Amino acid sequence: VSAGGPDQARPFQELVRRRFSLRRYDAGRPVAREDLEAILEAARLAPSAENSQPWRFLVVTDPGVRARLAEACFTGIFLPTRFAAAAPVIIAICAERAKPILRAGEAILRTALYQLDCGIAGEHAALAAAELGLGSCWIGWFNKRGARKVLGIPGHVEVLALLSVGYPAAEAGHREKPRRSLAAITHRDRWGTPFVSPPAGAGGSPAAEEDTRRS
Ligand SMILES: Cc1cc2nc3c(=O)[nH]c(=O)nc-3n(C[C@H](O)[C@H](O)[C@H](O)COP(=O)(O)O)c2cc1C
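Here's a quick rundown of the structure. (Residues numbered from 1 in each chain as written. Predicted model: local features only at pLDDT ≥ 70, side-chain atom pairs only at ≥ 80, totals over all residues. Heavy atoms only, no water.)

### Some words on the overall build of the protein
On a plain count of helices and strands, the protein comes out with 8 helices and 4 strands. In sequence order, the secondary structure elements of the protein are arranged as α-α-β-α-β-α-α-β-α-β-α-α. Scored against the burial criterion, the 215 residues of the protein give a buried share of 34%. Look at the contacts in the protein between residues 6 or more apart in sequence, and 75% of them connect residues 24 or more apart. For the protein, the accessible area works out to roughly 12,900 Å², and carbon and sulfur atoms hold 57% of it. (Helix = DSSP H or I, 4+ residues; strand = E, 2+ residues; numbered from the N terminus. Buried < 20%, exposed > 50% of the residue type's maximum accessible area, 1.4 Å probe, protein only. Contact = heavy atoms within 4.5 Å. Areas by Shrake-Rupley, 256 points an atom, 1.4 Å probe, with all protein chains shown as cover.)

Below is the structure:
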């Protein structure tokens, strides 16, 4: 694993390193239509259980709709998400669960596979945005009922998350990724057997790693 600097030999690793949750947008700089299409195309090509492709993307660019969305979604207890109101694009990541056989499987597995599918597709979109020099932020904390109402999303379609997209504001700086170490999140062959040795000085204390989860 590279120590931190740009990794030109492995552009994907470099892209993953570069993507971060952007919360300060250049509200005056729109995103080109072809860039939005590239972002959505990356999402479209994501894998999904049984190739069910449950994702639906509602792309909001109209300033009036964005303002109404912000009013409906980022107020009250959802005020911390207000930063997203400045993003020139908000993509509502929705799901349409079609196949009854998959629903039965999900009940047996107790795993919402369709949510995994939409998460994968959404992250494809986020990475595609990063490749284009755009920033993005996953948003789970918003008023879903408000979003449904403003965007006219029908009852059989689930609203899972929003992805704000836009160019960074001039003052938006890049941050290091606070993350748990590889040793803290991996096992080899059997739960409890380390996959890698803990980094020197990590101490192995779960509390020390706890602080690094959210930025
Ligand atoms: C499913 C999901 C929901 C999230 N919801 C929010 C949110 O509502 N508000 C927010 O500011 N960040 C949200 N985030 C961003 C995370 O806080 C962020 O990914 C994490 O702190 C790691 O930072 P990084 O993305 O800059 O690497 C969300 C991320 C994910 C994956």
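### A word on empty space enclosed by the protein
Unoccupied space between atoms shows up once a probe the size of one water molecule is rolled over them. Counted under the stated rule, the structure contains 1 cavity of 30 Å³ or more. One number sums up the size of the largest cavity: a volume of about 30 Å³. Considering the residues around the largest cavity, the lining is formed by L40, A43, F57, I91, I93, G122, A125 and L163. Put simply, the parts of the chain that give the lining of the largest cavity at least two residues each are helix 2 (33-44), strand 2 (89-95) and helix 5 (113-131). Among the residues forming the lining of the largest cavity, the class breakdown is 7 nonpolar, 1 polar and no charged. (1 Å grid on protein atoms, 1.4 Å probe; cavity = no way out; pocket = protein on both sides within 12 Å on 5 of 7 lines; lining within 4 Å. Points joined across faces, edges and corners; volume = space filled by probe spheres on them. Nonpolar A, V, L, I, M, F, W, Y, C, P; charged D, E, K, R; others polar.)

### Some thoughts on the packing of aromatic side chains
Per the stated rule, a full pass over the model turns up 1 aromatic pair. With 4.7 Å between their ring centres and 55 degrees between their planes, F78 and W141 make a pair best called tilted. A residue pair is termed long-range when its members are at least 10 positions apart, and F78 in the loop between helix 3 (63-73) and strand 2 and W141 in the loop between strand 3 (135-139) and helix 6 (144-151) qualify at 63 residues. Positioned over the ring face of F83 is R23, at 5.9 Å from the centre of the ring. Cation over ring: R29 sits above Y167, and NZ or CZ is 3.6 Å from the ring centre. (Phe/Tyr/Trp six-rings, centres within 6.5 Å; stacked < 30°, edge-to-face > 60°. Lys NZ or Arg CZ within 6 Å of the ring centre and 35° of its normal.)

### Quick look at the environment of E176
Along the chain, E176 turns up in the loop between strand 4 (158-166) and helix 7 (182-185). Of the residues examined, E176 reaches a relative accessible area of 70% and is grouped as exposed. Along the primary structure E176 and R17 are separated by 159 residues, whereas in three dimensions their C-alpha atoms are 8.7 Å apart.

### Some thoughts on the pattern of salt bridges
Tallied over the full model, the rule gives 6 salt bridges. When the shortest N-O distance is used, the salt bridge between R19 and E123 registers 3.5 Å. Remark: E123 occurs in helix 5 and R19 occurs in the loop between helix 1 (11-18) and helix 2; sequence separation between them is 104 residues. With a relative accessible area of 14%, R19 lands in the buried category. With a shortest N-O distance of 2.9 Å, R56 and E96 are connected by a salt bridge. Of this pair, R56 sits in strand 1 (residues 55-60) while E96 sits in the loop between strand 2 and helix 4 (100-109), placing them 40 residues apart in sequence. (Salt bridge = Lys/Arg side-chain N within 4 Å of Asp/Glu carboxyl O.)

### Quick notes on the site of the ligand
Surrounding the ligand, one finds 15 residues, the nearest of these being S21, R23, G140, W141 and R179. Between the ligand and G140 there is a distance of 2.9 Å, counted from a nitrogen atom to a backbone nitrogen or oxygen. A distance of 3.0 Å separates an oxygen atom of the ligand from a polar atom in the side chain of K177. For the ligand, whose accessible area on its own is 620 Å², the fraction buried by protein is 72%. (Near = heavy atom within 4 Å. Polar contact = N/O pair within 3.5 Å; in protein donor to acceptor, adjacent residues only side chain to side chain.)

### Digging into the nonpolar core
When a protein is soluble and globular, its nonpolar side chains tend to lie buried together. With 23 residues, the main nonpolar core has I39, I91, L134, L163 and V165 as its most contacted residues. Sorting the residues of this core by element identifies helix 2, strand 2, helix 5 and strand 4 as the ones contributing at least two each. Excluding residues within four positions of it along the chain, I39 makes contact with I91, A125, A128, A129, L132, L134 and V165. Within the second largest apolar cluster, 17 residues are counted, among which are C73, I153, V157 and L162. (Core = buried A, V, L, I, M, F, W, Y, C linked by side-chain atoms within 4.5 Å.)

### Overview of the sheet that holds strand 1
Spatially, 4 strands are ordered 1-2-4-3 in an open sheet, and the strand pairing comes out antiparallel. With partners counted over all chains shown, the strands left at the sheet margins are strand 1 and strand 3, one partner each. The sheet shows a mean angle of 25 degrees between the axes of neighbouring strands, taken without regard to direction. Across 6 bridges, the pairing between strand 1 and strand 2 is antiparallel. Counted as the bridge partner of W55 is A95 from strand 2. Contacting strand 1, strand 2, strand 3 and strand 4, helix 5 runs over the sheet at an angle of about 5 degrees to strand 4. (Pairing = 2+ DSSP bridges. Axes fitted to C-alpha atoms, helices over the stretch in contact; angles between N-to-C directions.)

By themselves, these figures tell us nothing about what the structure is for.
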